[in-house]
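# Analysis of the macromolecular model
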Amino acid sequence: MYNMPLALNCYKVRQLLSLLKVPHAKHPVGLLTGDHQTPDYLALNPFGQVPILTDGALVLRDSQAILIWLSRKLGGDQWMPTNPDDEALINACLSAAAFERRLGPYEARLAKHSLGLCINADRGGAKRASAGTF
Ligand SMILES: N[C@@H](CCC(=O)N[C@@H](CS)C(=O)NCC(=O)O)C(=O)O
């Protein structure tokens with residue numbers, strides 16, 4: 001797992017890896033030192049973000065995708081139900097964690113501690129747009 005300890009999206013993945021007792025290696029990614037902007041890292045994730053989880057040739061680069069994949073693969077129906085009603089509730093929780101909760105308490109904490117880990121106002125949309133082709 002490509003990890004930054006203070007990053008919310010990495011925390012979510014670390015929690016589930018731990019709950020499911022999945023052995024894994026952590027590769028530290030220094031967001032404040034630009035590790036995530038190197039050509040090698042951008043080849044893995046064109047968005048230049050953590051977390052990334054790899055499993056053989058599989059490269060997963062979104063915390064929600066990773067949580068669903070881990071749950072489906074290792075957690076069975078208990079963690080990722082196949083019943084559409086229950087699945088929708090899980091997806092709503094994941095979506096809220098990615099948007100409303102992140103924009104609320106999490107961003108407030110980052111702003112308070114002056115950590116620009118998940119917000120980079122200077123970067124603008126061009127780079128994101130160019131990375132959005134996959
Ligand atoms: N949709 C992605 C978002 C990942 C994300 O925002 N990661 C932040 C850390 S929490 C990051 O890598 N920020 C560095 C940057 O965007 O430059 C996910 O859920 O994994």
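Residues numbered from 1 in each chain as written. Predicted model: local features only at pLDDT ≥ 70, side-chain atom pairs only at ≥ 80, totals over all residues.

## With respect to unusual backbone geometry
Cis geometry marks the peptide bond from Val50 to Pro51; its omega dihedral reads 0°. Assignment of secondary structure puts Pro51 in the loop between helix 2 (39–44) and strand 3 (53–55). Non-glycine residue Lys21 carries a positive phi angle of around 55°. Within the element layout of this structure, Lys21 appears in the loop between helix 1 (8–19) and strand 2 (27–28). (Helix = DSSP H or I, 4+ residues; strand = E, 2+ residues; numbered from the N terminus.)

## Description of the nonpolar core
Judged by nonpolar contacts, the single largest core of 16 residues is most densely connected at Met4, Val13, Val50 and Ile66. Listed by contribution, the elements that provide at least two residues to this core are helix 1 and helix 3 (63–79). With four residues, helix 3 is the single largest residue contributor to this core. (Core = buried A, V, L, I, M, F, W, Y, C linked by C-beta atoms within 7 Å. Buried ≥ 20, exposed ≤ 12 C-beta atoms within 10 Å, placed from the backbone.)

## Concerning the packing of helix 4 (residues 84–98) against helix 5 (residues 100–112)
Contact geometry for helix 4 and helix 5: axes closest at 3 Å, N-to-C directions at 40°. As judged from the angle between their axes, helix 4 and helix 5 are oblique. Residues Ala96, Ala97 and Ala98 of helix 4 form the contact with helix 5, whose participating residues are Glu100, Arg101 and Arg102. When grouped by side-chain class, the residues that make up the contact of helix 4 with helix 5 number three nonpolar, no polar and three charged. (Axes fitted to C-alpha atoms, helices over the stretch in contact; angles between N-to-C directions. Parallel < 35°, antiparallel > 145°, perpendicular 65-115°, else oblique. Contact = placed C-beta atoms within 7 Å. Nonpolar A, V, L, I, M, F, W, Y, C, P; charged D, E, K, R; others polar.)

## Some thoughts on the packing of helix 1 against helix 3
Two elements in contact, helix 1 and helix 3, have axes whose closest approach is 9 Å; the angle formed by their N-to-C orientations is 10°. Of the possible angle classes, the one that applies to helix 1 and helix 3 is roughly parallel. Counting all contacts with helix 1, which are made through Asn9, Lys12, Val13 and Leu16, the residues of helix 3 involved are Ser63, Ile66, Leu67 and Leu70. Tallied by class, the residues present in the contact of helix 1 with helix 3 amount to five nonpolar, two polar and one charged.

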